[in-house]
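# Breakdown of the fold
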Amino acid sequence: MSGSPLPAGGLPLRLAYGTNGLTDLRLDDALALLADLGYDGVSLTLDHMHLDPLGPGLAARTSRVAAALARHGLSVTVETGARYVLDPRRKHHPTLLDPDPQARAARTTLLLTAVRVAADLGAHAVHCFSGTLPPGTGPGAGWQRLGDGIGRVLTAADATGVPLAVEPEPGHLLADLAGFHRLRTALGSPPALGLTLDIGHCQCLEPEPPAQCVADSAPWLRHVQIEDMRRGVHEHLPLGEGEIDFPPVLAALRESGYRGLVGVELPRDSHAGPRLAAESLEFLRAAERRAAKTGPRPGEEHPC
């Protein structure tokens, strides 16, 4: 499976930038920018401005994007966090938790489409999330709906060999790593189900520091998002503007053997996307060099 961790070998991390932070650019221009800057890949959010999953001629458009990725030498993860791609008036709706079966089916269909697109692009993972618990829906019903929906998508993901990587999202039903493990266990730990680990979210709400979250999550890592953040505040910040100590995080990723993409996620900063893409790459490569010099901190154990 292309998203599976490989043995650690001192290789540099494979860095990407999210198209949800480049929404003012045409997709072709965004890909050219990232390649010119020296990124290894792109975290591609399927949205109305970038490979619209609901528009006509999706297969042909996907083929053109695949050719562009190959031309620029970029790897790709497919993300499904577009704010209004399904409902133009409600952010991130409908979800897999919606009380209306037809609404849930719309989200399931989007995820199935994302799996097909990911397979055609040679993506290393498809990202998804649970959504918030609807008013009047109890947690038990919410978890049941989530498991049912994810289970259907996993069948397609398993058939294509592209892992489905669920992201714990603050405020959602599946909000943290404990929630991921609850879903994974309920579904019987299927091989096609992996984790999208957002480093900022770890800083925001996990009980352990981000580097420890990486180490603890290593067996399930299929996609990583990265940005800065402050404790208790779910706000994606440019790197260096929050509280995260990045060298230990990057060292933990390297030690884990994770070889998927590490994608910078700054969706509220598209107005400055080209500048932040350049600055983020420089920041992360510098932090990675510091991590390589210091190695694991005294008393730390390797997670593998």
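This structure is a prediction, so every number in the text was calculated from the model and none was measured. (Residues numbered from 1 in each chain as written. Predicted model: local features only at pLDDT ≥ 70, side-chain atom pairs only at ≥ 80, totals over all residues. Heavy atoms only, no water.)

Considering all chains together, one arrives at five salt bridges under this definition. When the shortest N-O distance is used, the salt bridge between Arg 275 and Glu 279 registers 3.1 Å. Of this pair, Arg 275 and Glu 279 both sit in helix α9 (residues 273-294), four residues apart, roughly one helical turn. Accessibility expressed as a relative area gives 38% for Glu 279, which makes it partly exposed. (Salt bridge = Lys/Arg side-chain N within 4 Å of Asp/Glu carboxyl O. Helix = DSSP H or I, 4+ residues; strand = E, 2+ residues; numbered from the N terminus. Buried < 20%, exposed > 50% of the residue type's maximum accessible area, 1.4 Å probe, protein only.)

With that out of the way, let us pick up α9. When the terminal C-alpha atoms of α9 are compared, their 31 Å separation across 22 residues agrees well with the 32 Å that a helix rising 1.5 Å per residue should span. When α9 is considered as a whole, its buried residues turn out to be Gly 273, Leu 276, Ala 277, Ser 280, Leu 281, Leu 284, Ala 287, Glu 288 and Ala 291. For α9, the arc enclosing every buried residue in end-on projection is 140°, short of the 170-degree limit, so these residues lie on one face. Seen from the open side of α9, the exposed residues pointing more than 90 degrees away from its buried face are Glu 282, Arg 289 and Lys 293. Looking at the buried residues of α9, the elements they touch are β1 (14-18), α1 (27-37), β7 (221-226), α8 (246-256) and β10 (261-264). (Expected span 1.5 Å × (residues − 1). Arc of directions from axis to C-beta. Contact = heavy atoms within 4.5 Å.)

Turning to the packing of α8 against α9, a few remarks are in order. At a closest axis distance of 8 Å, the pairing of α8 and α9 adopts a crossing angle of 75°. As far as their axial angle goes, α9 and α8 are roughly perpendicular. In this structure, α8 uses Phe 246, Pro 247, Leu 250, Ala 251 and Arg 254 to contact α9, whose residues at the interface are Phe 283, Leu 284, Ala 287, Glu 288, Arg 290, Ala 291 and Ala 292. (Axes fitted to C-alpha atoms, helices over the stretch in contact; angles between N-to-C directions. Parallel < 35°, antiparallel > 145°, perpendicular 65-115°, else oblique.)

A separate point is the nonpolar core. With 76 residues, the main nonpolar core has Tyr 17, Leu 51, Val 78, Leu 121, Leu 146, Ile 150 and Leu 253 as its most contacted residues. Setting aside its immediate chain neighbours within four residues, Tyr 17 contacts Leu 22, Leu 34, Tyr 39, Gly 41, Val 42, Ser 43, Val 264, Leu 266, Gly 273, Leu 276, Ala 277 and Ser 280. (Core = buried A, V, L, I, M, F, W, Y, C linked by side-chain atoms within 4.5 Å.)

Next up on the list: helix α3 (residues 101-121). A rise of 1.5 Å per residue sets the reference length of α3, with its 21 residues, at 30 Å; its end C-alpha atoms lie 30 Å apart and thus fit the reference within 8%. Here α3 has its buried residues at Ala 103, Arg 104, Arg 107, Thr 108, Leu 110, Leu 111, Thr 113, Ala 114, Val 115, Val 117, Ala 118 and Leu 121. Residues of α3 that are buried in the fold lie against β2 (41-45), α2 (58-72), β3 (75-79), β4 (126-128) and α4 (139-160). The N-terminus of α3 is capped by Asp 100, whose side-chain oxygen sits 3.0 Å from the backbone nitrogen of Gln 102. At the exit of α3 stands Gly 122, carrying a positive phi of roughly 70°. (Polar contact = N/O pair within 3.5 Å; in protein donor to acceptor, adjacent residues only side chain to side chain.)

Another aspect to go through is the environment of Ala 103. Considering the arrangement of structural elements, one finds Ala 103 in helix α3. Spatially, the C-alpha atom of Ala 103 lies 37 Å from that of Ala 211, the residues being 108 residues apart in sequence. Other than its neighbours up to four places away in sequence, Ala 103 contacts Pro 94, Thr 95 and Asp 98.

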